[in-house]
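# Survey of secondary and tertiary structure
Listed below are the residues making up each chain.
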Amino acid sequence: MTKRDYRKVSDFSTEEIHHLFQLALTIKREVKERRFVPRLADKNLAMIFEKPSLRTRCTFELAMRQAGGNGLYLGPSEVGLGKRESVYDIAKNLERWFDLVMIRTFAQKNVDDLAVHASIPVINALSDAEHPCQAMADFLTVLEKRGSFDGFKLAYVGDGNNICHSLITLTAQLGCEIRVATPDGYQPKEATLVEARTIAAKTGATILITTNPVEAVEGVDAVYTDVWASMGQEAEAAERRKYFLPFQVNAELMRAANPGAFVMHDLPAHRGEEITDEIIDSPQSIVFDQAENRLHAQKAILVYLDELR
Ligand code: CP
Ligand code: NVA
């Protein structure tokens, strides 16, 4: 069998995504009940990081350890992707030692090139274009809380960034509804929308793109936001703040959502910017459940990709 990668959300079919959710829930039960199942016994994961991380590093490393394997952290100063060494040569080295590789990088091309050249599965642990593992953990959390995706309506308010792209595509695959509100000029990429609308035509999903946050949030079951300036955009932060201020997720905006609507964020949060303390700390907030589920969603992805080889 040929190896598979998880470079972007659409690399998995809808059927595979449902299978992964069930696998993740099984794995989560095993961990909670302290039942050790060595699903990745003696397997090794290379972890390439070109950007900082709390959740991604902890959860990939722990996922491997809890499954009987190992994760090895490779920071920016070790790898020097494309500078110290070409992506091709890195791929050809890593495949000799490791069973799987995850990469957090800037350009999606680095993820794609690594996947082309490495004979082992490559997992995108965040690029400028996508954060597919995050979206899987987010929807796993929604599934746990609601029991199903039937009629689920999600609003994403903020920057049309990597998180936004992965949420749009996964919503399309699951046949749900997403409404995205961004300032003009910060909309999600056209290519993502074209792909998601093609998927939506088959699954019955609905995708709305607007510049009006209230229109996006009206009557939804969950409101999701993310930082206004992503890693690598720090120099634009002050300029962006001017345009993004009306897109803050606060008590007033939440009033437009369904009563009890979930508050979602991938974290790290810039409290007082894209979200207020009052809202992120409210009983409706499920942000730490999302963070917890990174561990289980990713373990399911690792196990699945390893089994397919
Ligand atoms: N949400 C997320 O990926 O967090 P980190 O950047 O801390 O890994
Ligand atoms: N959009 C954010 C997500 C962080 C997990 C970033 O890329 O910095």
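Report follows, based on the coordinates. (Residues numbered from 1 in each chain as written. Chains lettered and ligands numbered in written order. Predicted model: local features only at pLDDT ≥ 70, side-chain atom pairs only at ≥ 80, totals over all residues. Heavy atoms only, no water.)

### Looking at the state of the cysteines
Our working rule: Disulfide assignment relies on a single distance test, namely cysteine sulfur atoms paired within 2.5 Å. Here's how the labels work: a residue is buried when its accessible area is under 20% of the maximum for its type, exposed when over 50%, partly exposed in between, all with a 1.4 Å probe on protein chains only.
All told, the structure shown has 0 disulfides when counted by the stated rule. Just so you know, Cys164 is unpaired, no disulfide at all, and the nearest cysteine sulfur is the one on Cys176, 15 Å from it. Overall, Cys164 belongs to the buried group, its relative accessible area being 1%. Take Cys176: its relative accessible area is 4%, and that puts it in the buried class.

### Considering the sheet that holds strand E6 (residues 177-181)
Going by this rule: Here, any two strands with at least 2 DSSP bridges between them count as paired. We count a stretch as a helix when DSSP gives it H or I for four or more residues in a row; a strand needs E for two or more, and each element gets its number in order from the N terminus. Between the N-to-C directions of two axes lies an angle of 0 to 180 degrees, each axis being a line fitted to C-alpha atoms and, for a helix, fitted only over the stretch in contact. Two residues form a contact once any of their heavy atoms are found within 4.5 Å.
Across the sheet, 5 strands lie side by side as E7-E6-E5-E8-E9; this open sheet has parallel pairing. The sheet is open, and its two edges are formed by strand E7 (206-210) and strand E9 (262-265), each paired on a single side. Between one strand axis and the next, the sheet turns through 20 degrees on average, direction left out of account. Bridge count between strand E8 (residues 222-225) and E9: 4 bridges; the pairing is parallel. Counterpart to Tyr224 in the pairing with E9 is Met264. Each of strand E5 (153-157), E8 and E9 is contacted by helix H6 (residues 132-146), which is oriented at about 165 degrees to E9, the strand it contacts most. Contacts from helix H13 (residues 287-308) reach E8 and E9, with the element oriented near 50 degrees to E9.

Bear in mind that shape data such as this cannot, by itself, settle questions of function.
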